[in-house]
Amino acid sequence: MRRLTLADIADIRAYERERDAFRAHVIELKKRRRGGVGPIVTFVFENRDTIRFQIQEMARVERLFTDEQIMTELDIYNPLIPEPGMLSATMFIELTTQQELREWLPRLVGIERAAELRVGGDTIPCEVEEQHAGQLTREDVTASVHYVRWRLTPAQIDAFEAGPVTLAVVHPAYTHETVLSDVTRA
């Protein structure tokens, strides 16, 4: 997929005019691109629209007006747009209370390296998006959000399209898997 440029990011006034429709589009898109793995981990497979939405919302909330500020966001989020032969996802550890955060986040250190796809007899380990890994990885506690990707061979892409595809997390403190729906896989 083509990376985003300054020309793709609307200024705040222009974005406000398109925001309701674009937001509704991305909400529907993310519903189809979301997969839960066990009770507390969810993945959202990213694409150009989901990343553009993230940047537009960051610019809106943080009042980013200059090209330099927007370029910083582009530099941060463009690596999450998958290249050909890749899948990119945001992994969310969905905890809602302070008690859950204190209990689970120390136990899940390293979970960002524990996601895998099972496609056509192959197990494809995830790669951690390195720029974000440096900011999110700690030895004593993990973050609630991680950015991961998978590289697929042409044969694995064909097997992915044919299905089934299993998304799994194989971590000492959290081992769960789910078969992606046809809608999510598409």
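As a starting point, this report considers the structure included with it. All values derive from a computational prediction rather than experimental measurement.

### Some remarks on the pattern of salt bridges
Okay, so step 1: According to the stated counting rule, one finds 13 salt bridges in the structure shown.
Okay, so step 2: A salt bridge links Arg-48 to Asp-8, with the nearest nitrogen and oxygen atoms 2.8 Å apart. Here Arg-48, found in helix H2 (residues 48–62), pairs with Asp-8, found in the segment before helix H1 (12–32); they are 40 residues apart in sequence, far enough to count as distant.
Okay, so step 3: Owing to a relative accessible area of 19%, Asp-8 belongs among the buried residues under this scheme.
Okay, so step 4: Among the charged side chains, a salt-bridge network with shared partners connects Arg-2, Asp-8 and Arg-48.

### Observations concerning the packing of H2 against helix H3 (residues 67–77)
Okay, so step 1: Packing of H2 against H3 leaves a shortest axis separation of 10 Å and a crossing angle of 145°. Viewed along their axes, H2 and H3 form a crossing whose handedness is right-handed. In contact with Ile-51, Gln-54, Ile-55, Met-58 and Ala-59 of H2, H3 contributes Ile-70, Glu-73, Leu-74 and Tyr-77.
Okay, so step 2: Split by residue class, the contact of H2 with H3 holds seven nonpolar, one polar and one charged.

### A few points about unusual backbone geometry
Okay, so step 1: Here Gly-163 and Pro-164 are connected by a cis peptide whose omega angle stands at -5°.
Okay, so step 2: In this structure, Arg-63 takes a positive phi of about 55° despite not being glycine.
Okay, so step 3: As for its position among the elements, Arg-63 is in the loop between H2 and H3.
Okay, so step 4: For Arg-63, a relative accessible area of 47% gives the class partly exposed.

### Topic: the sheet that holds strand E4 (residues 115–119)
Okay, so step 1: Here four strands make up an open sheet; going across it, the order is E5-E4-E8-E9 and the pairing antiparallel. Two strands close off the open sheet at either side, each with one partner strand: strand E5 (122–125) and strand E9 (174–179). With strand direction ignored, the average angle separating the axes of adjacent strands in the sheet is 20°.
Okay, so step 2: Bridge count for E4 against E5 is four bridges, and the pairing is antiparallel. Residue pairing for E5: Leu-117 is matched across the bridge by Ile-124.
Okay, so step 3: Along the sheet, helix H6 (residues 154–162) makes contact with E4, E5 and strand E8 (165–171), crossing E4 at roughly 80°.

### Here we look at H3
Okay, so step 1: For H3, the full list of buried residues reads Ile-70, Glu-73, Leu-74 and Tyr-77. All buried residues of H3 lie within an arc of 100° about the axis, which places them on one face of the element.
Okay, so step 2: Each element contacted by the buried residues of H3 is listed here: H2 and strand E7 (145–151).

### Observations concerning the packing of aromatic side chains
Okay, so step 1: Following the criterion strictly, the structure yields four aromatic pairs and no others.
Okay, so step 2: Here the aromatic rings of Trp-104 and Tyr-174 are separated by 6.1 Å at their centres, their planes lie at 85°, and the arrangement is edge-to-face. Residue Trp-104 is located in helix H4 (residues 98–107), and its partner Tyr-174 is located in strand E9; the two are separated by 70 residues in the primary sequence.
Okay, so step 3: An aromatic cluster is defined as three or more aromatic residues linked by ring pairs; in this entry it consists of Phe-43, Phe-45 and Trp-150.
Okay, so step 4: Over the face of the ring belonging to Phe-22 we find Arg-52, whose NZ or CZ atom lies 4.5 Å from the ring centre.
Okay, so step 5: Above the plane of the ring of Trp-104 lies Arg-107, whose end atom (NZ or CZ) is 4.1 Å from the centre.

### Quick look at H2
Okay, so step 1: In this model, H2 (15 residues) spans 21 Å end to end at C-alpha, consistent with the 21 Å of a helix rising 1.5 Å per residue.
Okay, so step 2: Tucked inside the fold, the buried residues of H2 contact H1 and H3.
Okay, so step 3: The N-capping residue of H2, defined by a side-chain oxygen 3.0 Å from the backbone nitrogen of Asp-49, is Asn-47.
Okay, so step 4: At the C-terminal side of H2, Arg-63 shows a positive phi close to 55°.

What counts and what doesn't
Numbers given to residues run from 1 along each chain, matching the order in which its sequence is written. Totals for whole chains, interfaces and linings use all residues, but because this is a predicted model, local features are given only for residues with pLDDT of at least 70 and pairs of side-chain atoms are given and counted only at 80 or more. Side-chain calculation: all heavy atoms of the structure are included, whereas hydrogens and water are not. Within this document, salt bridges are pairs made up of a side-chain nitrogen of Lys or Arg and a carboxyl oxygen of Asp or Glu, the two lying within 4 Å of each other. We count a stretch as a helix when DSSP gives it H or I for four or more residues in a row; a strand needs E for two or more, and each element gets its number in order from the N terminus. For the exposure calls, accessible area comes from a 1.4 Å probe over protein chains only, and a residue counts as buried if that area is under 20% of its type's maximum, exposed if over 50%, partly exposed in between. Working convention: axes come from line fits to C-alpha atoms, limited for helices to the stretch in contact. Angles between N-to-C directions cover 0 to 180 degrees. For any pair of crossing helices, the crossing counts as left-handed if the nearer helix is rotated counterclockwise from the farther one by less than a right angle, and right-handed if it is rotated clockwise. Contacts are residue-level and defined by heavy atoms, with any inter-residue pair within 4.5 Å sufficient. Residues are grouped as follows: nonpolar covers Ala, Val, Leu, Ile, Met, Phe, Trp, Tyr, Cys and Pro; charged covers Asp, Glu, Lys and Arg; every other residue, Gly included, is treated as polar. DSSP-based pairing: two strands are paired if at least 2 bridges between them are found. The arc in question is the one spanned by the directions pointing from the helix axis to the C-beta atoms. Note on aromatic contacts: the rings of Phe and Tyr and the six-membered ring of Trp form a pair at centre separations within 6.5 Å, being stacked when their planes are under 30 degrees apart, edge-to-face when over 60 apart, and tilted otherwise. Counted as over-ring charges are cases with an Arg CZ or a Lys NZ within 6 Å of the ring centre that also lie within 35 degrees of the ring normal. A helix is expected to span 1.5 Å multiplied by its residue count minus one. Two N or O atoms count as a polar contact when they lie within 3.5 Å, although within protein this holds only if one can serve as hydrogen donor and the other as acceptor, and sequence-adjacent residues are included solely when both atoms are side-chain atoms.

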